[in-house]
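Breakdown of the fold
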Amino acid sequence: AAAAEAEVRLLLQEARESIEAARSYRRELQQRLRGLHQAREQIKESATLTRDVLEQHFSDLKGTLKKLLDERLMSLLQEVDVIEQESIKPLDECQKLIEHGVSTADDLLREGESAVDGDVGTQNEKLCNFTKKALHIQLDSLPEVPSLVDVPCLSAQLDDCLLTILKNQIFRHGTVASRPPVQLEEFVEKPGGILVRWCKVDDDFIPQDYRLQYRKSTASHFEDVYVGSETEFIVLHIDPNVDYQFRVCARGDGRQEWSPWSVPQLGRTTLVPHEWTAGLEGYSLSSRRNIALRNDSQSCGVLYSKAPTYFCGQTLTFRIETVGQPDRRDSLGVCVEQRNGYDSLQRDKAVCISTNGAVFVNGKEMTNQLPAVTSGSTVTFDMEVVQLGPCSNEGGNFKLRVTISSNNREVVFDWVLDQCCGSLYFGCSFSYPGWKVLVF
């Protein structure tokens, strides 16, 4: 009985496992069906959109061609009118001259016939007057009439090769691509931003520039956010926990037109944006509080982040927008806690870099030095945790592997702390006005 019961339990276990496997198999098949449905919908929607684009383009093209042909026809007809008018004008003047001569000859002829046929008493006087008038008119002077070979004979020269050229150009105009030459590859969350990466998927396509666009999922229009030769870009001013749609296209080497857009994809960030603390005299902030400007105030202190929003494993980036006069006390870096009364981060429980490139750890300058920062320079901080000994809420030995990069140079060192730090503040200090720094 016990053996039979054990066998039944085994069969039940196998049956349950088979049922769970069948459910998992069904879920996977359903997911694949949804994938097939999405693929089919993408093909149909993109085909419909492509048809609309082609029809609209060729409709516009036909309208433009008709307008151009009508304008050219009107220009040629006007040219015919001008030639006709200019050519006929001298003929009209010659016709008036001849008609006047005919009228004069008719009058003279009537006068001559009257003189010849008149009575004898007055005939002598009439014949004298007629003879004088005939001599004055110069009956042997005739106006020159141009021959037909000397007057314009209008014609139209229409070269049929235009149709051949247009035919060849039209038959080569436009292409239909089954897939775009570039596609979005990866989205990396950043505080208040998203790092977007894309790649070329057509081996025969040689890109010259890329064009990245994005929009909120609730918006109707995309907007350009990057145009250039790089294959990644950090899109800033992204609201956390909001879906954004991205797409990218490329322009081939030596060409003016852009390729078809990639398949749009959704990206989002769950990380709140980095912000400077507002209200500190000596610094003016942008509306999003991610840009700080050292103003003309004589007050000098450390401007900290609003909250400890830098976490190990992330990359913290400072970008120098404008520069002022450098000073050894200048600093850009991170710290465990905010401390008022200091004019620099060159102190305990902080790591920083000065504008002249000197690196400070807990207030001590390292022997390794980075290049001095200039306008457009980016300074990045990367940290990873290396724990030494026990760590608890009460504290303990804690080591961070720190990498500071600037102008294609970097220094790597270990930063030992006496407490666990899940998140850090960032800060900056500048002794003289004119410095502007963006943090992301």
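Preceding this paragraph is the structure being described.
Quick look at the structure, then. (Residues numbered from 1 in each chain as written. Predicted model: local features only at pLDDT ≥ 70, side-chain atom pairs only at ≥ 80, totals over all residues. Heavy atoms only, no water.)

1. A short note on the overall build of the protein
Let me state the cut-off plainly: For the purposes of this entry, the term helix denotes a DSSP run of H or I that reaches at least four residues, the term strand denotes a run of E that reaches at least two, and both are numbered from the N terminus. With the radius of gyration taken over C-alpha atoms, the globule rule is written as 2.2 Å times the number of residues to the power 0.38. With a 1.4 Å probe rolled over the protein chains alone, any residue whose accessible area is under 20% of its type maximum counts as buried; one over 50% counts as exposed, and the rest are partly exposed. Residue contacts are defined here by distance: any two heavy atoms, one from each residue, within 4.5 Å place the two residues in contact. With residues, only the protein chains shown are counted as cover, and all accessible areas are computed by Shrake-Rupley using a 1.4 Å probe.
A count of helices and strands for the protein gives 3 helices and 20 strands. The C-alpha atoms of the protein give 46 Å as radius of gyration, which overshoots the globular expectation for 440 residues (22 Å, by more than 25%). Dimensions of the protein, computed from C-alpha atoms along their principal axes, come out at roughly 165 × 85 × 35 Å. Looking at the 440 residues of the protein, the share that counts as buried comes to 28%. Pairs at least 24 residues apart make up 60% of the contacts formed inside the protein by residues separated by at least 6 positions. Looking at the protein as shown, the accessible area adds up to about 28,600 Å², and 52% of this sits on carbon and sulfur atoms.

2. What about the layout of surface pockets?
Just so we agree on the cut-off: The definitions used throughout rest on a 1 Å grid laid over the protein atoms alone, on which a cavity is an enclosed set of points accommodating a 1.4 Å probe that cannot get out and a pocket is an open set flanked by protein within 12 Å on both sides along at least five of seven lines; lining residues are those having an atom within 4 Å of a point. Grid points are joined across faces, edges and corners, and a volume is the space filled by probe spheres set on the points. When residues are sorted by character, Ala, Val, Leu, Ile, Met, Phe, Trp, Tyr, Cys and Pro go into the nonpolar class, Asp, Glu, Lys and Arg into the charged class, and all the rest, Gly among them, into the polar class. Throughout the structure description, domain borders are defined by an automatic or database domain assignment.
Approximately 1,700 Å³ is the volume attributed to the largest pocket. In terms of lining, the largest pocket is formed by 37 residues, of which the most central are Thr-50, Ala-177, Ser-259, Pro-260 and Trp-261. For the lining of the largest pocket, the secondary structure elements donating two or more residues are α1 (2–117) and β6 (244–252). Residue contributions to the lining of the largest pocket peak at 11 residues, all from α1. In the lining of the largest pocket, the residues fall into 17 nonpolar, 12 polar and 8 charged. Residue-level mapping places the lining of the largest pocket at the junction of two domains, with at least three residues from each of domain 1 (11–172) and domain 2 (182–269).

3. Brief notes about a nonpolar patch on the surface
Note the threshold: Each patch is built from salt-bridge-free residues with over 30% relative accessible area, joining like charges within 9 Å and nonpolar side chains (Val, Leu, Ile, Met, Phe, Trp, Tyr) within 5 Å. One speaks of a salt bridge when a side-chain nitrogen belonging to Lys or Arg is within 4 Å of a carboxyl oxygen belonging to Asp or Glu.
The grouping of Leu-54, Phe-58, Leu-162, Leu-163, Leu-166, Ile-170, Phe-171 and Val-176 at the surface amounts to a nonpolar patch, some 770 Å² of accessible area in total. Counting only elements with at least two residues in the nonpolar patch, the list comes to α1 and α3 (161–172). With respect to the helices and strands, Val-176 occurs in the loop between α3 and β1 (182–190). We classify Val-176 as exposed; its relative accessible area is 64%.

4. Description of the pairing of strand β2 (residues 193–200)
Going by this rule: We call two strands paired when DSSP finds no fewer than two bridges between them.
Where β1 lies against β2, 8 bridges are found, and the strand directions are antiparallel. If you follow Phe-187 over to β2, its bridge partner there is Val-196. If you look at the hairpin formed by β1 and β2, you'll find 2 residues sitting between the two strands, and Gly-192 has a positive phi there, around 70 degrees. Sheet topology places β2 next to strand β5 (residues 232–235); 4 bridges connect them, and they run antiparallel. Residue Val-196 lies in a different strand from β5, and its bridge partner there is Phe-233.

5. Some details on the side chain of Ser-331
Quick note on the threshold: We call two N or O atoms a polar contact when they sit within 3.5 Å, provided that within protein one can donate a hydrogen and the other can accept it, with sequence-adjacent residues counted only if both atoms are side-chain atoms.
Note that Ser-331 resides in strand β12 (residues 331–335). At a separation of 3.1 Å, a polar atom in the side chain of Ser-331 contacts the main-chain amide nitrogen of Leu-345. Apart from residues lying up to four places away in sequence, Ser-331 is in contact with Ser-344, Leu-345, Cys-352, Ile-353, Ser-354, Gly-427, Cys-428 and Ser-429.

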